[in-house]
Structure formats: C-alpha cells, structure tokens
Amino acid sequence: MAKKLDILIFPDPRLRKKAEKITKFDKSLENLSNDMLKTMYEANGIGLAATQVDHHVRLIVMDLSEERNDPKIFINPTFEVLKGYKMYEFEEGCLSIPGFNETLARPDKIELTWQDLRGKTHVDKPEGLLTVCIQHEIDHLDGKLMVDYISALKRDRVRSKLLKDFK
Ligand code: GNR
Ligand code: NI
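What this report covers is the structure whose coordinates are included nearby. (Residues numbered from 1 in each chain as written. Chains lettered and ligands numbered in written order. Predicted model: local features only at pLDDT ≥ 70, side-chain atom pairs only at ≥ 80, totals over all residues. Heavy atoms only, no water.)

### Quick notes on the overall build of the chain
Line of reasoning, step 1. Scanning the chain for helices and strands turns up three helices and seven strands.
Line of reasoning, step 2. Secondary structure elements in the chain, listed N-terminal to C-terminal, are α-β-β-β-β-β-β-β-α-α.
Line of reasoning, step 3. On C-alpha atoms alone, the chain measures out to a radius of gyration of 16 Å, which is about the 15 Å that the 2.2 N^0.38 rule sets for 167 residues.
Line of reasoning, step 4. With 167 residues in all, the chain has 42% of them scored as buried.
Line of reasoning, step 5. Here the analysis covers contacts within the chain between residues at least 6 apart in sequence; of these, 67% occur between residues at least 24 apart.
Line of reasoning, step 6. Carbon and sulfur atoms make up 50% of the accessible area of the chain, which totals about 9500 Å².
Line of reasoning, step 7. Each charge class in the chain can be summarised by its mean position, and for the 28 positive and 28 negative side chains these summaries are 4 Å apart. (Helix = DSSP H or I, 4+ residues; strand = E, 2+ residues; numbered from the N terminus. Rg over C-alpha atoms; globule rule 2.2 N^0.38 Å. Buried < 20%, exposed > 50% of the residue type's maximum accessible area, 1.4 Å probe, protein only. Contact = heavy atoms within 4.5 Å. Areas by Shrake-Rupley, 256 points an atom, 1.4 Å probe, with all protein chains shown as cover. Lys, Arg positive; Asp, Glu negative; His and termini not counted. Charge placed at Lys NZ, Arg CZ, Asp CG, Glu CD.)

Structure, rendered in structure tokens:
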C-alpha cells in the first residue's frame, strides 16, 4: 500500500539539494512514485517533486484534472524554451511554502522530454497549466523555490513566519 510521506517546509536546507538523474527503473521507483501521488492527493496539490519528500532523485508526479483521477509521472524531466514564447503569468502556490501565493511569469512554450516508469522516453509540447507546473517542479529538483523569484525582504518575511509556525 502507498504511504503518505512528510513534506519538507521552507527554509529546510534539504529543499536546496540538487536531485540526481534516475538510472534504475525498478519496483522501488514505482513504490516511491505511488507514495508521492498519495502524498500529493492528501495535501490537495497538483504536483509534487521528490525533493519535497526528501528523496533527491529526478522524479515528479502531477494531476491537473478537476476529478483528481489523472495521475502523471515524469522521470528525468527536462525542457527547452521554444521560439516565439511569451511570459505567462500565473498565481502559484507551493506545498513546501504553505500560506504563500505569488504571481510568477514563466515562458509559455516549451518542449518537454521525460521518461516513464519503464524507462521509455517521451517528448511533448505541453500547454497552459502543465507548462507552469512542470517548470515549478523542475525548479524543485534543482533546489530552487518560488521565493527565489521575489525580493530578499519578502523572502525573509516568509522564512520567519514559517519558522515560527512549523517549529
Ligand atoms: O499544488 C500546487 N499548486 C500549484 C499552483 C500553481 C503553480 C504550481 C503549483 S505546484 C503546487 C504543489 C507543489 O508545491 N509542487 O511542488
Ligand atoms: Ni512546490
């Protein structure tokens, strides 16, 4: 059975680790993916990166459906920004920064490459929310957080509040 995992909260330094590329496509990878999906659903999130549950491997899960019945797993995801892109503004939240929302601008045209649980490679050009979410999650795998896009003053305010609330 899938287990619910603990989600690391900013400014936990483990959120800053860079995740390693996955090379073994085995049962333990499938188990971790299922645990992450359960964790994401129970937290009412639309995406979750392995970094957020203290596993420093390049694995992301996501479900953008209203019905919460369309689980997606992306292994070793990378993207390239395509010609003719525009910056697309979207109000983002993060399960590792509870209570904080901020409108960020990200490129709206990307080509995404990833592997599935069997190690098979896929390439696609996502649209809309998937484009935003995948960039948010890949940032996590690189140790980057939403608060890195705002001013240091604002970031320190968020840090103090979360240190107080999640002690
Ligand atoms: O649940 C989440 N919602 C969300 C909304 C807008 C942009 C990105 C996200 S991802 C977030 C879950 C999360 O923290 N993933 O890392
Ligand atoms: Ni996040």
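There is more to say after this.
### Section: the coordination of the nickel ion (ligand 2)
Line of reasoning, step 1. Protein coordination of the nickel ion (ligand 2) is provided by Cys94 (SG), His136 (NE2) and His140 (NE2), with donor distances spanning 2.1 to 2.4 Å.
Line of reasoning, step 2. Every donor residue of the nickel ion (ligand 2) comes from the same chain, spaced as C-x41-H-x3-H. Separated by 42 residues along the polypeptide, Cys94 in the loop between strand 4 (87-93) and strand 5 (101-107) and His136 in helix 2 (residues 129-141) bring together distant segments of the chain.
Line of reasoning, step 3. Taking relative accessible area as the criterion, Cys94 reaches 8% and is therefore assigned buried. (Donors = N, O, S within 2.8 Å, 3.2 Å for Na, K, Ca; no water.)

### Some details on the pairing of strand 6 (residues 110-115)
Line of reasoning, step 1. Examined bridge by bridge, strand 3 (residues 72-81) and strand 6 share five bridges and lie antiparallel to one another. What sits directly across from Thr78, in strand 6, is Thr113.
Line of reasoning, step 2. Relative to strand 7 (residues 121-124), strand 6 runs antiparallel, the two sharing four bridges. Counterpart to Trp114 in the pairing with strand 7 is His122.
Line of reasoning, step 3. Connecting the antiparallel pair strand 6 and strand 7 is a turn made up of five residues, with Gly119 showing a positive phi of about 90°. (Pairing = 2+ DSSP bridges.)

### Some points on the site of ligand 1
Line of reasoning, step 1. If you check the shell around ligand 1, you find 13 residues, and the closest are Ile46, Gln52, Leu95, Glu137 and His140.
Line of reasoning, step 2. Against a free-state accessible area of 390 Å², the protein chains account for coverage of 92% of ligand 1.
Line of reasoning, step 3. Looking at the shell around ligand 1, the elements with two or more residues in it are strand 4 and helix 2.
Line of reasoning, step 4. With four residues, strand 4 is the largest single contributor of residues to the shell around ligand 1.
Line of reasoning, step 5. Among the residues forming the shell around ligand 1, the class breakdown is four nonpolar, six polar and three charged. (Near = heavy atom within 4 Å. Nonpolar A, V, L, I, M, F, W, Y, C, P; charged D, E, K, R; others polar.)

### A few points about the side chain of Thr39
Line of reasoning, step 1. Structurally, Thr39 can be placed in helix 1 (residues 27-42).
Line of reasoning, step 2. Residue classification places Thr39 among the buried positions, given a relative accessible area of 1%.
Line of reasoning, step 3. Engagement of the side chain of Thr39 in a polar contact is seen with the backbone nitrogen of Leu5, the distance being 2.8 Å.
Line of reasoning, step 4. The contact partners of Thr39, leaving out residues within four places of it in the chain, are Lys3, Lys4, Leu5, Ile7, Leu48 and Val53. (Polar contact = N/O pair within 3.5 Å; in protein donor to acceptor, adjacent residues only side chain to side chain.)

### Concerning helix 2
Line of reasoning, step 1. Across its 13 residues, helix 2 extends 19 Å between first and last C-alpha, which sits within 8% of the 18 Å expected from 1.5 Å per residue.
Line of reasoning, step 2. In terms of residue burial, helix 2 counts as a mostly covered element, since twelve of its 13 residues are buried.
Line of reasoning, step 3. The set of residues buried in helix 2 consists of Leu130, Thr131, Val132, Cys133, Ile134, Gln135, His136, Glu137, Ile138, Asp139, His140 and Leu141.
Line of reasoning, step 4. Considering only its buried residues, helix 2 is in contact with strand 1 (47-49), strand 2 (59-62), strand 3, strand 4, strand 5 and strand 6.
Line of reasoning, step 5. Looking one or two residues beyond helix 2, the residue adopting positive phi is Gly143, at roughly 80°. (Expected span 1.5 Å × (residues − 1).)

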